[in-house]
Amino acid sequence: MAEAFKNTPPAPEDKGAMTAQNIAAALAGESQASQKYLAFADVADADGYPNVARLFRAVAYAESTHARNHLSVLGGIGTTTENLKAAWGGETFEITEMYPAYDAVAKLQENESAQTSIRYALKAEVDHQGIYDSTLKGVEGEKDLGGEAVRVCPICGHTVIGDAPDECPQCGTAGSFFKEF
Ligand SMILES: [Fe+2]
C-alpha cells in the first residue's frame, strides 16, 4: 500500500479516537448553540418578548452544561493553575496563528465585516493573554487576583483590570458602557 494511504483505515488501537472527535465536535456545537441563544434572547428582549428571551437564556444555560460535561470528558478542566496555563495557551494560539491566518483570508476575500470582527477578537485576546500571564504568576505563588473590577467593552471585548478608559481604544465605545465583573 502506498505510504500516503497507510493510515487511512482506523487502526484498532485508535478505536477511542472517533469518540474523542465526536465529543470535541459536540463541545463546539453546544458552545455555539449556547452563544446563539444568548444573542437570540437579546433580540427577543428588544422585540418585546421578555418571556421568549427567558426561554432562550434557559436553553442556553442547558446547552452550556452539556458543553461543560463534554469538556470534562475530554479532560479539559484542570486545577486553577492548569486552567490559567491552558487559557494563556489558547489565547496565544489565537493571537499568533489563528486570527492572523483568518485575517489574511478575510482580506484576500475582501470581507470587511469579518476583518473587523477578527480585529476586535485579536486585540482583546492580547489583553487576555497579558492578564492571564500576570494572574498565573500570582496563582503559582498561591496569590489570588486583586479585588479590582474587570471591565469589558460590550462591542469589541477589550478587557481591562480596574477603571474603564473614557473611550475604548479599539472601537470607540464610551467607557461608561463597559460591563463590570
Ligand atoms: Fe471596544
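What you are looking at is a predicted structure, and each value in this text was computed from that prediction instead of being measured.

Participant: How do you make sense of the overall build of the protein chain when you look at a structure like this?
Facilitator: In terms of regular secondary structure, the protein chain is built from four helices and three strands. The C-alpha atoms of the protein chain give 20 Å as radius of gyration, which overshoots the globular expectation for 181 residues (16 Å, by more than 25%). Referenced to the eigenvectors of the C-alpha coordinate spread, the extents of the protein chain come out at roughly 65 × 45 × 40 Å. Put simply, the protein chain has 181 residues, and 26% of those count as buried. Long-range contacts, defined here as pairs at least 24 residues apart, represent 50% of the contacts in the protein chain between residues at least 6 apart.

Participant: Where do I start with the packing of aromatic side chains in this structure?
Facilitator: One pair of aromatic rings is described through two measures. These are the centre distance and the angle between the planes. Evaluation of the coordinates by the stated rule reveals four aromatic pairs. Among the aromatic side chains, those forming a connected cluster through ring pairs are Tyr-37, Phe-40 and Phe-56.

Participant: Explanation requested: the environment of Thr-65 in the structure shown.
Facilitator: Tracing the backbone through its elements, the reader meets Thr-65 in helix α2 (residues 50–73). Once the C-alpha coordinates of Thr-65 and Glu-148 are considered, the two residues, 83 residues apart in sequence, prove to be 29 Å apart.

Participant: Mind showing me how you'd approach the side chain of His-158 here?
Facilitator: Inspection of the secondary structure assignment puts His-158 in the loop between β1 (150–152) and β2 (159–161). Aside from chain neighbours lying at most four places away, what touches His-158 is Ala-124, Asp-127, Arg-151, Val-152, Cys-153, Cys-168, Pro-169, Gln-170 and Phe-178.

Participant: How should the sheet that holds strand β3 (residues 179–180) be read in this particular structure?
Facilitator: Backbone hydrogen bonds are what pair the strands of a sheet, in a parallel or an antiparallel way. Strand order in this open sheet of three strands is β2-β1-β3, and the pairing throughout is antiparallel. Bordering the open sheet on either side are β2 and β3, each of which pairs with just one other strand. By the bridge criterion, three bridges tie β1 to β2 in an arrangement that is antiparallel. Following the sheet pairing, Val-150 is matched in β2 by Ile-161.

Participant: What should I look at first to understand the coordination of the iron ion in this one?
Facilitator: Reference geometry at the metal: tetrahedral coordination by four donors gives ideal angles of 109.5 degrees; octahedral coordination by six donors gives 90 or 180 degrees. Protein ligation of the iron ion involves Cys-153 (SG), Cys-156 (SG), Cys-168 (SG) and Cys-171 (SG), the donor distances falling in the range 2.2 to 2.3 Å. The site at the iron ion holds four donor atoms, and with the angles between them running 98 to 119°, its shape is tetrahedral. If you list the donors of the iron ion from N- to C-terminus, the spacing comes out as C-x2-C-x11-C-x2-C. By relative accessible area, which is 7% here, Cys-156 ends up buried.

Participant: I'm lost on unusual backbone geometry in this one. Help?
Facilitator: If you check the backbone angles, Glu-110 has positive phi at about 55° while not being a glycine. Checked against the element boundaries, Glu-110 lands in the loop between α3 (80–108) and α4 (112–140). What makes Glu-110 exposed here is its relative accessible area of 68%. Located in the positive-phi region is Glu-142, a residue other than glycine, with phi close to 60°. By secondary structure assignment, the location of Glu-142 is in the loop between α4 and β1.

Conventions and cut-offs
Numbers given to residues run from 1 along each chain, matching the order in which its sequence is written. Only residues with pLDDT of at least 70 get local features here, since the model is predicted, and only at 80 or more are side-chain atom pairs given and counted; chain-wide, interface and lining totals rely on the full set of residues. Values shown for side chains rest on all heavy atoms present in the structure; no hydrogens or waters enter the calculation. Under the DSSP-based scheme used, a helix requires at least four consecutive residues in state H or I and a strand at least two consecutive residues in state E, with every element numbered from the N terminus. In this treatment the radius of gyration is a C-alpha quantity, and the globule benchmark scales as 2.2 Å times the residue count to the 0.38 power. Here's how the labels work: a residue is buried when its accessible area is under 20% of the maximum for its type, exposed when over 50%, partly exposed in between, all with a 1.4 Å probe on protein chains only. Every residue pair with non-hydrogen atoms within 4.5 Å of one another is taken to be in contact. Geometry of aromatic contacts follows a simple scheme: Phe, Tyr and Trp rings, the Trp one being its six-membered ring, pair when their centres are within 6.5 Å, and the pair is stacked under 30 degrees between planes, edge-to-face over 60, tilted otherwise. Two strands qualify as a pair provided that DSSP identifies no fewer than 2 bridges between them. For Na, K and Ca the donor cut-off is 3.2 Å, and for all other metals it is 2.8 Å, counting N, O and S atoms only; because water is absent from this set, sites may look incomplete. Every angle between 85 and 135 degrees makes a four-donor site tetrahedral, while opposite donors more than 155 degrees apart, with all other angles between 65 and 115, make a four-donor site square planar and a six-donor site octahedral; other sites are irregular.

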